[in-house]
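Spelled out, the chains give:
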Amino acid sequence: MHIFHTISHLQNFLYTARQAGKTIGFVPTMGALHEGHLSLIRTAKQHTDIVVCSIFVNPTQFNNAHDLAVYPRTLEADCAMLAGENCEAVFAPSAEEMYPNMPYLSINFGELEQVLEGKFRPGHFNGVGIVVAKLFNIVQPNHAFFGQKDLQQCLIIRRLVNDLSFSLQLHICPTLREADGLAMSSRNRNLTPEQRATAPKIYEALCTAKEQLNNLSPQAVKANLVTFLAQQEGIILEYFEIADTQTLKPIEEIKGKEVALCIAAFMGKTRLIDNLLLTF
Ligand code: AMP
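These numbers come from a predicted model, not from an experiment.

Analysis parameters
- Residues numbered from 1 in each chain as written.
- Predicted model: local features only at pLDDT ≥ 70, side-chain atom pairs only at ≥ 80, totals over all residues.
- Heavy atoms only, no water.
- Helix = DSSP H or I, 4+ residues; strand = E, 2+ residues; numbered from the N terminus.
- Expected span 1.5 Å × (residues − 1).
- Buried < 20%, exposed > 50% of the residue type's maximum accessible area, 1.4 Å probe, protein only.
- Contact = heavy atoms within 4.5 Å.
- Near = heavy atom within 4 Å.
- Polar contact = N/O pair within 3.5 Å; in protein donor to acceptor, adjacent residues only side chain to side chain.
- Areas by Shrake-Rupley, 256 points an atom, 1.4 Å probe, with all protein chains shown as cover.
- Nonpolar A, V, L, I, M, F, W, Y, C, P; charged D, E, K, R; others polar.
- Pairing = 2+ DSSP bridges.
- Axes fitted to C-alpha atoms, helices over the stretch in contact; angles between N-to-C directions.

Visitor: Explain helix α2 (residues 35–47) to me, and be specific about the residues and the numbers.
Guide: Helix length check: α2, at 13 residues, gives a terminal C-alpha distance of 19 Å against a target of 18 Å (1.5 Å per residue), a fit within 8%. Three or more residues of α2 are buried, namely Gly36, His37, Leu38, Ser39, Leu40, Ile41 and Ala44. The elements touched by buried residues of α2 are β2 (24–29), β3 (50–55), α4 (75–84), β5 (143–147) and β6 (169–173).

Pasting the structure below:
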């Protein structure tokens, strides 16, 4: 497995691969890899000849300095895991390599960024959009792989690809969970043992909401979820929304709709998100 820290070294490698007729799959990450990330690598390997995984904790998408400061950085262990998956190339640039100058450009994703994550993390999707556009230009993949765990990010990237005519196929891959249901996340490493023990309540709340939607109105389901999580020691709900899967706007009537149950909650200073997709 090749590990590149500069754009030019990565591009030399990819040029040769392309000349040899190889297709390129791309999995962008911020490192601190877990099985969820590896599932994207495995899917990428099924679709393409050469898989590139980027590991870059992108400062411009953090709207919270503490979150950026404590974001786990485990490059050596990450590379060992990727080598174990026979990933062909890792791209782990420095912030200076990615941003010799801070971008002038900013990307406005309109209504899509005014709800859920966008509403609570101002500027986040501008940072995501710019870094992913840069990475797409650097890697020029045929296929790119993202996790449904970050559902709003998937929709943002889809807009980015369509609006800027990136010539690649997007794949949205299912969320991998721990045995107790907690969505795998790099941020789970920052949980205390007590917080880790309680964290699966977030998924439990989503599953209960899913069941209740068969009989109760979205408003009633929301109220029940808020009450349930308020009873869980150490979980502070930021938002829970029953949303349209395309616009992510709240929906009042679910019949015949594709619905996303989206949640964000704090455990101490650690912020966790999760979602379920349902069809009624
Ligand atoms: P991150 O390193 O958190 O930026 O995530 C990199 C990619 O892995 C994103 O496309 C995420 O949506 C995806 N991802 C993160 N957690 C999971 C998970 N539990 N299951 C599947 N994909 C995930």
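Back to the text.
Visitor: Mind laying out the site of the ligand, listing which residues take part and the relevant values?
Guide: Taken together, 17 residues lie around the ligand, and Met30, Gly147, Asp150, Leu176 and Met184 are the ones closest in. Within the side chain of aspartate 150, an N or O atom sits 2.6 Å from an oxygen atom of the ligand. Measuring from a nitrogen atom of the ligand, one finds a backbone N or O atom of methionine 184 at 2.9 Å. Within the complex, the protein chains bury 93% of what would otherwise be the 480 Å² of accessible surface of the ligand. The set of elements that each furnish at least two residues to the shell around the ligand consists of β2, α2 and β5. Ranked by the residues each element gives to the shell around the ligand, the list is headed by α2, at three residues. When grouped by side-chain class, the residues that make up the shell around the ligand number eight nonpolar, seven polar and two charged.

Visitor: Pulling in residues and values, what's your account of helix α8 (residues 151–163)?
Guide: With 13 residues, α8 extends 18 Å from end C-alpha to end C-alpha; this agrees with the ideal 18 Å at 1.5 Å per step. Taken as a whole, α8 has its buried residues at Leu151, Gln152, Gln153, Cys154, Leu155, Ile156, Ile157, Leu160 and Val161. Two residues or fewer past α8, serine 165 is found with a positive phi of approximately 55°.

Visitor: Before we move on, could you go through the sheet that holds strand β8 (residues 258–267) and cite the residues and values that matter?
Guide: Strand order in the open sheet formed by three strands is β7-β8-β9, and the pairing between neighbours is antiparallel. The two strands at the open ends of the sheet, each matched to only one other strand, are β7 (235–244) and β9 (270–279). Strand-to-strand twist of the sheet, defined as the mean angle between neighbouring strand axes without regard to direction, takes the value 15°. Across nine bridges, the pairing between β7 and β8 is antiparallel. By the bridge assignment, glutamate 241 is partnered in β8 with cysteine 262. Packing against the sheet, helix α10 (residues 200–212) makes contact with β7, β8 and β9, and its axis sits at approximately 25° to β9.

Visitor: Any details on the sheet that holds β2? Residues and values, ideally.
Guide: Taking strand neighbours across the sheet as the criterion, the six strands line up as β1-β4-β3-β2-β5-β6 in an open arrangement whose pairing is parallel. If you trace the sheet from one side to the other, it starts and ends with β1 (2–4) and β6, each paired once. Taking the axes of each pair of neighbouring strands and ignoring which way they run, one obtains an average angle of 25° across the sheet. Summarising the sheet, β1 and strand β4 (residues 89–91) pair through three bridges and their orientation is parallel. Bridge assignment links histidine 2 to a residue of β4, and that residue is alanine 89. Here helix α7 (residues 124–139) sits on the sheet in contact with β2, β3, β4 and β5, set at roughly 150° to β2.

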